Every structure is written in structure tokens, then in C-alpha cells.
Amino acid sequence: MTDLSAFPITTRWPANNPDIIQLYSLPTPNGVKVSIALEELALPYEAHLISFGTNDQKSPEFVSLNPNGRIPAIIDPNGPDGKPIGLFESGAILLYLAEKTGKLIPADAAGRYETIQWVFFQMAGIGPMFGQFGHFYKFAADKVANNSYPMERYRDESKRLLSVLEARLQGRQWIMGDSYTIADIATFPWLRGADIFYGGREVLDYASFPATMAWLERCIARPASEKGLNIPPRP
């Protein structure tokens, strides 16, 4: 049995089976990226709910694994050279899992880097911009009631990013063509979240991006997505 005592987070969220991947997360657009990937890869894992309601992500135990205090994070007891490794940042975790298994990423170098660039496109663009749009549109609307600039700025940039994705998906089933990859997993939860969580479908004019909407439905319909989108279960 693997000894995970070097990771203080396990004192608050003990591992029932320390020989499998430990996931610390919540079903947010960033959180579900990792649970979906783990389901796609059929890797055994144990999910621990990190509740924002009680600021679990700011607790000393969680911050010991991710000093940035954000979900998701993992511990893989079977990391490089067979030693346990802790990781945070959803994009880094996706890349790690893909390279660990040799799946969800092309084997050739050119395809690999092309996939990584689209993961970075989500991490640097879609995630932050959609998140800011949602904040001002849903949560801070009263604070900017007399100033439409913040919402309009992030709405327009989100729509521009959707147009980039729409162009990429013309004639493609997935972002990388015929192969479903970590680029799809990184991206689609944010488009889904902007719709069902922020209520932004009409404001972001989703109907103007038909290839993207068809791709989004394909992503959501995958069995691993249907399961991973709800892991760990909310209380």
C-alpha cells in the first residue's frame, strides 16, 4: 500500500485506497476536465469534494497541494519513476494524464504540439474570458448596473473566441479532427458552463456558431462526459 503521508492534504481527505489517483475537485468547468479525462482513460481514482461553500480550497491542507488555492488537484501514487506526485492546474493535469497513458493526445510530435496549443488556447482565453463574462453577467450585474462596459467587454471577447473555435471546427468532428483529445476535454465544459450555469447562451449568441454547438453536443453525449460532469457529486 502506497504511503501518502508526505501529502498533508490526506490528513483532511484520507485516501480509502492510496494506491489509486486521488482527485480533489468540484464539478466546475475546470474541475470536471480531470474527472472526464480519468473516465475516458479508465484510470482508477478516488474523488474528494472540495467545497467552495466552506472555503475548503483555502484550507491549509488543500493549499499544501495547490498553493494557488484552486481546484482541481491530484495525487498520483504511481508517478514518474514509480514515486507519488502531486499536481495542480487543470491543463497540466490533462497533459500529465495523456502522456502517462499515451491516450487523448497524438503520438507524433507535430500533432502533440498542435493539441497542446489548443489546450493553452482554452487555458489562456476561453476559461478566463468566459469566467469574467459570467461574473459580470450573473454575479455582479447589480454592481455594474450603471456601467455596461465590463459585461460588454467580456461578452464580446468571449464571442470572438467562439468565432475562432467555430472556424477551427469547420469540417472537423473534434478540435484535432478525427481524434478526441485533451483539447476537447479542456474546452467544452466552459461552453457548457456558460450556458447552464451563467445562462449566457443567448447573450453569447450560441446560435451563430453551429459547428461549435454540434461539437459541444457530441462532447457532452460521450459516456465519460455524462459521468465525469457530476464527479465528485455535490452535497
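Anyway, here's the lowdown on the structure attached to this text. What you see is a predicted model; the values in this text were computed from it and never measured.

Here's the deal with the sheet that holds strand β4 (residues 85-88)
Phase 1: Ordered by their spatial adjacency, four strands build an open sheet running β2-β1-β3-β4, and the pairing between neighbours is mixed. Each end of this open sheet is capped by a strand with a single partner; those strands are β2 (45-49) and β4. Here the strands of the sheet are splayed against their neighbours by 15 degrees on average, with no regard to which way each runs.
Phase 2: As paired strands, strand β3 (residues 73-76) and β4 are joined by four bridges and run antiparallel to one another. Bridging across to β4, I75 finds its partner in G86.
Phase 3: Where helix α2 (residues 31-41) meets the sheet, it contacts β1 (21-25), β2 and β3, and its direction lies at approximately 150 degrees from that of β1.
Phase 4: Contacting β1, β3 and β4, helix α4 (residues 90-101) runs over the sheet at an angle of about 135 degrees to β4.

What to know about a nonpolar patch on the surface
Phase 1: A grouping of F139, I196 and F197 is seen on the molecular surface, where their side chains present a nonpolar patch of about 320 Å² in accessible area.
Phase 2: Residue position: I196 is located in helix α7 (residues 182-196).

A look at α4
Phase 1: Relative to the 16 Å expected for 12 residues at 1.5 Å per residue, α4 spans 17 Å between its end C-alpha atoms, a close match to the ideal helical length.
Phase 2: Within α4 the residues assigned to the buried category are S90, G91, I93, L94, Y96, L97 and A98.
Phase 3: Next to the buried residues of α4 lie β1, α2, β3, β4, α5 (109-139) and α7.
Phase 4: In the stretch just after α4, G102 is the one whose phi turns positive, near 70 degrees.

Details of the nonpolar core
Phase 1: With 58 residues, the main nonpolar core has L97, F130, L191 and W215 as its most contacted residues.
Phase 2: Listed by contribution, the elements that provide at least two residues to this core are β1, α2, α4, α5, α6 (149-168), α7 and α8 (210-221).
Phase 3: When residues in this core are grouped by element, the largest group, nine residues, is from α5.
Phase 4: Residues contacting W215, with those up to four places away along its chain left out, are L165, L169, Q173, W174, I175, D184, T187, F188 and L191.

Topic: the side chain of Q57
Phase 1: Tracing the backbone through its elements, the reader meets Q57 in the loop between β2 and α3 (60-63).
Phase 2: A relative accessible area of 9% places Q57 in the buried class.
Phase 3: Beyond its immediate stretch of four places on either side in the chain, Q57 contacts I50, S51, F52, F62, V63 and G69.

Re α2
Phase 1: For α2, the tally of buried residues reaches nine of 11 residues, placing the bulk of the element in the interior.
Phase 2: Within the span of α2, buried status applies to G31, V32, K33, V34, S35, I36, A37, L38 and L41.
Phase 3: Backbone geometry just after α2 places A42 at a positive phi near 55 degrees.

A closer look at the packing of α2 against α4
When two helices pack together, their arrangement is given by the angle between their axes and by how far apart the axes lie.
Phase 1: Between α2 and α4, the shortest axis-to-axis distance is 9 Å and the interhelical angle comes to 10 degrees. Comparing their axes, α4 and α2 come out roughly parallel. Residues K33, V34, A37, L38 and L41 of α2 pack against S90, I93, L94, L97 and T101 of α4.
Phase 2: Split by residue class, the contact of α2 with α4 holds seven nonpolar, two polar and one charged.

Describing the pattern of salt bridges
Phase 1: According to the stated counting rule, one finds 10 salt bridges in the structure shown.
Phase 2: For the salt bridge of D195 with R201, the shortest nitrogen-to-oxygen distance reads 2.9 Å.
Phase 3: The exposure class assigned to R201 is partly exposed, which follows from its relative accessible area of 33%.
Phase 4: What you see here is one network of salt bridges that share partners, running through R12, D56 and E61.

Here we look at the environment of M129
Phase 1: As for its position among the elements, M129 is in helix α5.
Phase 2: Assessed through its relative accessible area of 19%, M129 is described here as buried.
Phase 3: Beyond its immediate chain neighbours, meaning those up to four positions away, M129 contacts Y154, E157, S158 and L161.

Focus: the environment of L191
Phase 1: One can find L191 in helix α7.
Phase 2: Taking the relative accessible area as the measure of exposure, L191 reaches 0% and is therefore buried.
Phase 3: Distance from L191 to S158, taken between C-alpha atoms, is 9.9 Å for residues 33 residues apart in sequence.
Phase 4: Here L191 is in contact with I126, F130, L162, L165, Y206, T212, M213, W215 and L216, once residues within four sequence places are set aside.

Analysis parameters
Residues numbered from 1 in each chain as written. Predicted model: local features only at pLDDT ≥ 70, side-chain atom pairs only at ≥ 80, totals over all residues. Heavy atoms only, no water. Pairing = 2+ DSSP bridges. Helix = DSSP H or I, 4+ residues; strand = E, 2+ residues; numbered from the N terminus. Axes fitted to C-alpha atoms, helices over the stretch in contact; angles between N-to-C directions. Contact = heavy atoms within 4.5 Å. Patch = residues over 30% accessible without salt bridge, like charges linked within 9 Å, V, L, I, M, F, W, Y side chains within 5 Å. Areas by Shrake-Rupley, 256 points an atom, 1.4 Å probe, with all protein chains shown as cover. Salt bridge = Lys/Arg side-chain N within 4 Å of Asp/Glu carboxyl O. Expected span 1.5 Å × (residues − 1). Buried < 20%, exposed > 50% of the residue type's maximum accessible area, 1.4 Å probe, protein only. Core = buried A, V, L, I, M, F, W, Y, C linked by side-chain atoms within 4.5 Å. Parallel < 35°, antiparallel > 145°, perpendicular 65-115°, else oblique. Nonpolar A, V, L, I, M, F, W, Y, C, P; charged D, E, K, R; others polar.

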